[in-house]
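Observations on the model geometry
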Amino acid sequence: MSNTPPPAPPNQPPPSPLANPEPWNLVRDGYVEELWGEFSKFSKSALDLAKLPPGSDVLDVCAGPGTLTVQAARVGRRVVGVDFSPRMLEELRRRAQDDGLTNVETLEADGQNLPLPDASFDGAFSMFGLIFFPDRARGFQELFRVLRPAGRAVVASWRPFVHVPPVKVAFDKLIELMPELPFGKSKAPLGEPEEVRAEFEAAGFRNVEVEVVTRASTAPDPGSFWQSMARSSAPFVLMRRRLGEERWATLSDGIRSALVTRFGPGPLEFAPQALMGVGTRP
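Keep in mind it's a predicted model, so treat the numbers as computed, not measured.

Quick look at the layout of surface pockets now. The computed volume of the second largest pocket comes to approximately 220 Å³. In terms of lining residues, the second largest pocket is bounded by 14 residues, among which Gln227, Ala230, Arg231, Arg240 and Trp248 are the most central. Where the lining of the second largest pocket is concerned, the elements lending two or more residues are helix H1 (21-50), helix H7 (222-232), helix H8 (234-243) and helix H9 (245-263). Within the lining of the second largest pocket, the residues separate by chemical class into seven nonpolar, three polar and four charged.

A few words on the side chain of Gln71. Locating Gln71 in the fold gives a position in helix H2 (residues 67-73). On the basis of relative accessibility, which here comes to 17%, the residue Gln71 falls in the buried class. Dropping the residues within four chain positions of it, Gln71 is found in contact with Ser40, Ser43, Lys44 and Leu47.

What follows covers the environment of Ser16. When you line up the elements, Ser16 lands in the segment before H1. Along the backbone, Ser16 and Pro115 are 99 residues apart, and their C-alpha atoms lie at a distance of 23 Å.

It is worth spelling out the pattern of salt bridges at this point. Using the criterion set out here, one finds 25 salt bridges in the structure. Across the pair Asp29 and Arg87 runs a salt bridge, and its minimum N-O distance is 3.6 Å. Linking Asp29 in helix H1 with Arg87 in helix H3 (residues 86-98), this pair joins segments that are 58 residues apart in sequence. Note on Asp29: relative accessible area 36%, which makes it partly exposed. For the salt bridge of Asp98 with Arg94, the shortest nitrogen-to-oxygen distance reads 2.8 Å. In this pair, Asp98 and Arg94 both sit in helix H3, four residues apart, roughly one turn of the helix. Salt bridges here are not isolated pairs; linked through shared partners, they connect Arg28, Asp29, Arg87 and Glu90.

Despite not being glycine, Ala119 shows a phi value in the positive range, around 50 degrees. Tracing the sequence through the fold places Ala119 in the loop between strand S3 (104-108) and strand S4 (121-127). One non-glycine residue, Ala150, adopts positive backbone phi at about 75 degrees. Summarising the element assignment, Ala150 is placed in strand S5 (residues 147-158).

Another aspect to go through is helix H5 (residues 165-177). The end-to-end C-alpha distance of H5, which contains 13 residues, comes to 18 Å, matching closely the 18 Å that a straight helix rising 1.5 Å per residue would cover. Residues Pro166, Val167, Val169, Ala170, Phe171, Lys173 and Leu174 constitute the buried set of H5. Looking at the packing, one finds that the buried side of H5 touches H7, H8, H9 and strand S8 (268-270).

Paired through backbone hydrogen bonds, the strands of a sheet run either parallel or antiparallel to each other. Read across the open sheet, the seven strands follow the order S3-S2-S1-S4-S5-S9-S6; overall the sheet is mixed. Pairing within the sheet leaves two strands with one partner each, and these edge strands are S3 and strand S6 (206-214). Averaged over neighbouring strand pairs, the angle between their axes works out to 15 degrees when direction is ignored. The pairing of strand S1 (residues 57-61) with strand S2 (residues 78-83) spans five bridges and is parallel. Pairing of Val61 across the sheet is with Val82, part of S2. Together, S2 and S3 form the strand contacts of H3, whose direction differs from that of S3 by roughly 175 degrees. Each of S5, S6 and strand S9 (273-280) touches helix H6 (residues 193-202); the most contacted strand, S6, lies at about 145 degrees to it.

Calculation criteria
- Residues numbered from 1 in each chain as written.
- Predicted model: local features only at pLDDT ≥ 70, side-chain atom pairs only at ≥ 80, totals over all residues.
- Heavy atoms only, no water.
- 1 Å grid on protein atoms, 1.4 Å probe; cavity = no way out; pocket = protein on both sides within 12 Å on 5 of 7 lines; lining within 4 Å.
- Points joined across faces, edges and corners; volume = space filled by probe spheres on them.
- Helix = DSSP H or I, 4+ residues; strand = E, 2+ residues; numbered from the N terminus.
- Nonpolar A, V, L, I, M, F, W, Y, C, P; charged D, E, K, R; others polar.
- Buried < 20%, exposed > 50% of the residue type's maximum accessible area, 1.4 Å probe, protein only.
- Contact = heavy atoms within 4.5 Å.
- Salt bridge = Lys/Arg side-chain N within 4 Å of Asp/Glu carboxyl O.
- Expected span 1.5 Å × (residues − 1).
- Pairing = 2+ DSSP bridges.
- Axes fitted to C-alpha atoms, helices over the stretch in contact; angles between N-to-C directions.

Here it is as structure tokens:
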């Protein structure tokens, strides 16, 4: 399998820097340490929305370290976690083994071209992963293809940064300090409910519903918030690798100062908002 993303289809923007394994391999340790708990809560919400019966066969595309895969495997018959990051899949396998789960399979593959047979799953999920595909329509079509009739798919995306002010401040400062960098400038992929619904329906899904799911958190102070974000956010981990430590230190200090100026030195509350689209294959 090639790790080079295909070119974007006509009339779509160039592929995201996150549409290849490098940033996800780099971010794995920080991602797991900082986000496992919160992302497990989002994954539970997705499983609850899908309403799959016990004993279902489940597919998790862009499974990462397995926050959804592991939970699904506790009640499912067979769960397949797909990702193009070998380091993420390594962590998923470790988590499944530690939990004593014997019904988990992992597959290093591209979610736009799944090497899986038609109509082989009861539920299919993509938690904050399909949004980065160069060809999102193909990603939705693949979820549809591998589902059995009456199977349910859930795709999660993030609402725009404006809904999470500390994150918006961090990316605004990034753009101010280093305007040549590509991150934080384009429109949030599948950032509005009507976009999620439209792409589900274009792939053939019916009875599409979109839920807003919010998880409130509090960081001890802006510095702690930024440290966690810098360790667990793939764009920033990739940027650190590409900038080198000297330029990264300048950027990091600027973002930390901007957060303190805006929110003060004390506890920092923030509430990431996810959109979760749910659709049924007829």
